[in-house]
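# Overview (structure and organization)
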Protein chains: 2
Amino acid sequence: MFSKACEYGIRAIIYISQKSQDGHRVNLKSVAKAIDSPEAFTAKVLQSLANNNIISSSKGSSGGYDIPENRQSNITLFDVVNAIDGDTIYDKCGLGLQQCNPQKPCPMHYKFIAIRDNLKQMSQQTTIHDLTKELLQGTTCLKR
Amino acid sequence: MFSKACEYGIRAIIYISQKSQDGHRVNLKSVAKAIDSPEAFTAKVLQSLANNNIISSSKGSSGGYDIPENRQSNITLFDVVNAIDGDTIYDKCGLGLQQCNPQKPCPMHYKFIAIRDNLKQMSQQTTIHDLTKELLQGTTCLKR
DNA sequence: ATTAATTCGGATATTTTTGTCCGATTAAAT
DNA sequence: ATTTAATCGGACAAAAATATCCGAATTAAT
């Protein structure tokens, strides 16, 4: 469904968000460890989140990643997926046709967009903050 | 969502199904042309559909692919996807965790399985025959 | 029998995704 | 100033997905 990069990205931002709520900035190593992901690859993913202004990063000793307080509650899953995988997942024809629309739909069109729109809605309505809450409560996990 | 191989496979089987209803067997070249796909790659996909007994293939002059009348209506989208992409799409954790279940769910778990189950249901309830009907009526298309 | 048209299956090539490495840059602490 | 700990970004490597090639096997028609 999502790319590997995107899976890492979502898990990472949830962790970063969690730590940010306590005012803690976290570095790459601790992120990779927390979500059990390859360090260097995760760096690339975080870089693209940073370049898209979804997380903030700072260099130098005691640098790392965090999410400014005021952004915490308005970052959606949609934003994160978009930054990493782009929006093709929400737009692309289920059968891979270049053009597929109500005027000239593929045979799977309506059944497929129903599901795709579900996914879109869900990801637009779900904030990273939402996902972090459950994690803090210890009901969910980010690895294994 | 689906792999490229799977997209070709679905488009291909819809076309084959359509032709089979008129009692026509079709060859690789005509399939690839009808769905605008790379010929050799499509051959591989059809091969795996044949190996999974979803379509029937015959070699030799005037050989090709078809779907026996009695199978027409009981092949589902699910069967086709399964034969080509396997069932990971219906089972895999949205965040890529090896183990993710109600006992130890990822933060996206319930929201994600809602969508995944939708997809599963849709693909189990949709037969290839269903998709072929609309194509015969000219309301849908398989390329462009 | 020979030929022509087809799928099969294995080997290979290309492209994309995933993953690693490392020097450059930045910033805090000493 | 120097050292240390961090991200950045570009180059590279490995693996997976996509795509091609070709000889072998099969079948129908001549």
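Below is a short write-up of the structure. (Residues numbered from 1 in each chain as written. Chains lettered and ligands numbered in written order. Predicted model: local features only at pLDDT ≥ 70, side-chain atom pairs only at ≥ 80, totals over all residues.)

## Quick word on the protein's contact with DNA strand C
DNA strand C sits among 25 residues. The nearest are Lys 4, Pro 38 and Gly 60 of chain A together with Asn 27 and Leu 28 of chain B. Elements represented by at least two residues in the surface near DNA strand C include exactly helix H1 (4-21) and helix H3 (39-51) of chain A together with helix H3 (39-51) and strand S2 (64-66) of chain B. Per-element accounting of the surface near DNA strand C gives the leading share, 4 residues, to H3 of chain B. A class-by-class count of the residues in the surface near DNA strand C yields 8 nonpolar, 13 polar and 4 charged. (Near = placed C-beta within 6 Å. Helix = DSSP H or I, 4+ residues; strand = E, 2+ residues; numbered from the N terminus. Nonpolar A, V, L, I, M, F, W, Y, C, P; charged D, E, K, R; others polar.)

## Description of unusual backbone geometry
The phi torsion at Arg 144 of chain A lies on the positive side, around 75°, for a residue other than glycine. Tracing the sequence through the fold places Arg 144 of chain A in the segment after helix H7 (128-136). Positive phi outside glycine occurs at Asn 53 of chain B, with the angle close to 60°. You can see Asn 53 of chain B is positioned in the loop between H3 and strand S1 (56-58).

## Concerning the interface of chain A and chain B
On the chain B side, the residues contacting the 34 residues of chain A number 34 residues. For the side of chain A that touches chain B, the secondary-structure elements that each account for two or more residues are H1, helix H6 (109-125) and H7 of chain A. When residues of the side of chain A that touches chain B are assigned to their parent elements, the largest contribution, 6 residues, is made by H6 of chain A. Tallied by class, the residues present in the side of chain A that touches chain B amount to 18 nonpolar, 8 polar and 8 charged. (Contact = placed C-beta atoms within 7 Å.)

## Some points on the relation of the copies chain A and chain B
Screw-axis analysis of chain A against chain B gives a translation of 0.0 Å along the axis, an RMSD of 0.0 Å, and a rotation angle of 180°. What we have between these two chains is a two-fold relation. Among all residues of chain A, the minimum C-alpha distance to the rotation axis is found for Met 1 of chain A, at 2.5 Å. The share of interface residues of chain A whose copies in chain B are also at the interface is 100%, consistent with both copies meeting through the same surface. (Least-squares fit on C-alpha atoms with pLDDT ≥ 70 in both.)

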